[in-house]
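Spelled out, the chains give:
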Amino acid sequence: MEQVKTVAFHTLGCKLNFSETSSISRLLEQDGFVKTDFDGTADVYVINTCSVTDNADKECRQLVRRIQRRAPESMVVITGCYAQLKPAEIAAIEGVDLVLGAAEKFNIAEHLKTLTKGDSAKICSCDIEDVNSFHSSYSLHDRTRTFLKVQDGCDYNCTFCTIPMARGKSRSDSVENVVKNAETLAANGVKEIVLTGVNLGDFGKGFEGGKKREETFFELIQELEKVAGIERYRISSIEPNLLTNEIIEFVANSRKFMPHFHIPLQSGSNDILGRMRRRYRRELYAEKVALIKQFMPHCAIGVDVIVGFPSESEEHFRETYDFLHSLDVSYLHVFTYSERANTMALDIQPVVPVNVRHERNKMLRNLSHKKLQFFTEQHIGETRKVLFESHNKDGMMEGYTDNYIKITTPFREEWANNIIDWEMR
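**Here's the deal with the overall build of the protein chain**
The helix and strand tally for the protein chain stands at 13 helices and 21 strands. On C-alpha atoms alone, the protein chain measures out to a radius of gyration of 22 Å, which is about the 22 Å that the 2.2 N^0.38 rule sets for 425 residues. Intrachain contacts of the protein chain at a sequence separation of at least 6 include 73% that bridge at least 24 residues. Element-wise, carbon and sulfur atoms account for 49% of the exposed surface of the protein chain, whose accessible area totals about 19,400 Å². Placing the 54 positive and 61 negative side-chain charges of the protein chain at their respective mean positions leaves the two points 2 Å apart.

**A closer look at helix α11 (residues 282–295)**
Helix length check: α11, at 14 residues, gives a terminal C-alpha distance of 20 Å against a target of 20 Å (1.5 Å per residue), a fit within 8%. Along α11, the positions that sit buried rather than exposed are Tyr 285, Lys 288, Val 289, Leu 291, Ile 292 and Lys 293. Those residues of α11 that are buried are in contact with α9 (245–253), β15 (260–266), β16 (300–307), α12 (314–326) and α13 (354–377).

**Thoughts on the sheet that holds strand β7 (residues 137–138)**
Reading across from one edge, β7-β8-β11-β14 is the order of the four strands in this open sheet, with mixed pairing throughout. A single partner strand is all that each edge strand has here, and the edge strands are β7 and β14 (232–235). Alignment of strand β8 (residues 145–149) against strand β11 (residues 192–196), held across five bridges, turns out to be parallel. The residue bridging Arg 145 from the neighbouring strand is Glu 192, located in β11.

**Describing the state of the cysteines**
Disulfide: a covalent bond formed between the sulfur atoms of two cysteine residues. Tallying each qualifying case throughout the model produces zero disulfides. As a non-bridged cysteine, Cys 60 has Cys 50 as the owner of its nearest cysteine sulfur, 11 Å distant. In this structure Cys 60 comes out as buried when scored by relative accessible area, which is 0%.

**Side note on the packing of helix α7 (residues 175–187) against helix α8 (residues 217–224)**
Put simply, α7 and α8 touch, their axes get as near as 10 Å, and they point 35° apart. Note on packing geometry: the crossing formed by α7 with α8 is right-handed. Where α7 abuts α8, its residues Val 175, Val 178, Val 179 and Ala 182 lie against Leu 220, Glu 223 and Leu 224.

**Notes on the sheet that holds strand β18 (residues 383–388)**
The strand order across the open sheet formed by four strands is β20-β19-β18-β21, and the pairing between neighbours is antiparallel. At either margin of the open sheet sits one strand with a lone partner, and together these are β20 (406–410) and β21 (419–423). On average, adjacent strands in this sheet sit at an angle of 40° to one another, irrespective of strand direction. In this sheet, β21 lies alongside β18 in antiparallel orientation, the contact comprising five bridges. Pairing of Thr 383 across the sheet is with Glu 423, part of β21.

**Considerations on the packing of aromatic side chains**
The final tally for this structure, using the stated rule, is 14 aromatic pairs. Ring geometry for Phe 38 versus Tyr 45: centroids 5.4 Å apart, planes at 85°, classification edge-to-face. Under the relative-accessibility criterion, Phe 38 is labelled buried at 7%. Measuring from centroid to centroid gives 6.0 Å for Phe 218 and Phe 250, while their planes differ by 90°, and the two rings are edge-to-face. Of this pair, Phe 218 sits in helix α8 while Phe 250 is found in helix α9, placing the two residues 32 residues apart along the sequence. Overall, Phe 218 belongs to the buried group, its relative accessible area being 17%. Residue placement shows Lys 149 over the ring face of Phe 134; its charged tip is 5.1 Å from the ring centre. When the ring centre of Tyr 321 is taken as origin, the NZ or CZ atom of Arg 318, which lies over that ring, is 5.1 Å away.

**Structural notes on the environment of Ser 136**
Mapping Ser 136 onto the fold places it in the loop between β6 (122–124) and β7. Using a relative accessible area of 30% as the deciding quantity, one classes Ser 136 as partly exposed. Here the alpha-carbon distance between Ser 136 and Val 251, two residues 115 residues apart in the chain, equals 24 Å. If sequence neighbours within four positions are ignored, Ser 136 has contacts with Ser 23, Lys 149, Asp 173, Asn 177 and Asn 181.

**Points about the nonpolar core**
Ranked by internal contacts, the top residues of the largest apolar core, which has 56 residues, are Leu 195, Phe 217, Leu 224, Phe 261 and Leu 364. By residue number, the principal contributor to this core is α7, which donates six residues. With residues near it in sequence (within four places) discarded, Leu 224 still touches Val 178, Val 179, Ala 182, Leu 195, Tyr 233 and Phe 257. Of all hydrophobic cores here, the second largest spans 22 residues; its members include Ala 8, Leu 12, Phe 38 and Leu 63.

**Focus on the pairing of β15**
Burial runs high along β15: seven of the seven residues are buried. Side chains of β15 alternate between two faces, with His 260, His 262, Pro 264 and Gln 266 and Phe 261, Ile 263 and Leu 265 buried alike. Note: β15 against β16, six bridges, orientation parallel. Bridging across to β16, Pro 264 finds its partner in Asp 304.

Conventions and cut-offs
Residues numbered from 1 in each chain as written. Predicted model: local features only at pLDDT ≥ 70, side-chain atom pairs only at ≥ 80, totals over all residues. Heavy atoms only, no water. Helix = DSSP H or I, 4+ residues; strand = E, 2+ residues; numbered from the N terminus. Rg over C-alpha atoms; globule rule 2.2 N^0.38 Å. Contact = heavy atoms within 4.5 Å. Areas by Shrake-Rupley, 256 points an atom, 1.4 Å probe, with all protein chains shown as cover. Lys, Arg positive; Asp, Glu negative; His and termini not counted. Charge placed at Lys NZ, Arg CZ, Asp CG, Glu CD. Expected span 1.5 Å × (residues − 1). Buried < 20%, exposed > 50% of the residue type's maximum accessible area, 1.4 Å probe, protein only. Pairing = 2+ DSSP bridges. Disulfide = S-S within 2.5 Å. Axes fitted to C-alpha atoms, helices over the stretch in contact; angles between N-to-C directions. Left-handed = near helix turned anticlockwise from the far one by under 90°. Phe/Tyr/Trp six-rings, centres within 6.5 Å; stacked < 30°, edge-to-face > 60°. Lys NZ or Arg CZ within 6 Å of the ring centre and 35° of its normal. Core = buried A, V, L, I, M, F, W, Y, C linked by side-chain atoms within 4.5 Å.

In short, shape yes, function no, at least from these values alone.
Next up, the structure:
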């Protein structure tokens, strides 16, 4: 009788990667593999990588070394963005057996059938220009909220970004198929879906029966509103130039779409936005925030911002800081710029010293802390609906209000994966 094989997964990076890891895991489980904990011993380890920052690359190498020490006979598979961008670099890491690029990650079961330990690492990758299919994926049973991938790739060419090189052109699922996936998730007891993609607002591009499909993100959210059983949706991240006024108005009047937007800004200086090749100016960003707050004063707004981009002077940074300070936003995700191979930003001068980048990051993280505190305090005394996670963390449980305020309370089994009226205090 053939021995049952175990597989363990580790995900680096974004919500999109989490949804894909979960789908790859289900494919292997259907093929007879048994999923096990990454910190234990497994026959196969799969690392789904990110390559947005240099740190993600380093983390991948460290994880491989750890597996080598713990289980030198196990198979190690690397997939994800880093695997597409630098397959040869990864294949050279001692202990790596298989490198799967963007087009091959969902064929992992087939590749594992022909793989033997001890050979040099096998690379299965193709030119990113040839990646044009869309694989829908979602996370399930990993956590209470589910990440549902509806779009992949990006047609933008921001000068700091490797994602178009790692994930290819913008393409997406069909409205019909996303609705089917949402219905499947509802049947599995899922209460909240987070819609994810690389450039979510660009949803609608794709091919069906050789014909070009023309759908929009607005059409998608209108159809998802009708799915029975799903009580909450969140829009993971949407570009300000693609966040239309009709989307904002729809969310404001929706029973299911939560009052919560995450809108990348990257810089509060129009000069720097131009050099980044972003498709908007700060004035448009401020307009979107004002409109959201006009319709939904209680809405949470998260902001992505990059510090230390080449040529960012003290004055540029001060513009960003003051702009963010003036905006009615709830929290910031602050990224320190890191040089990425083959990006146009490498040609922009002068380079900002690393210590200055870290200093600026610290200043914006402090601002974020104050913003979040202020936003949270505004809701004290209100009763808001909280979906509690099922995870018992040292006798405590966590959940999020509709407008994304984190609540921690002693664990109660009957509250897990349930929406509770919570008095903010």
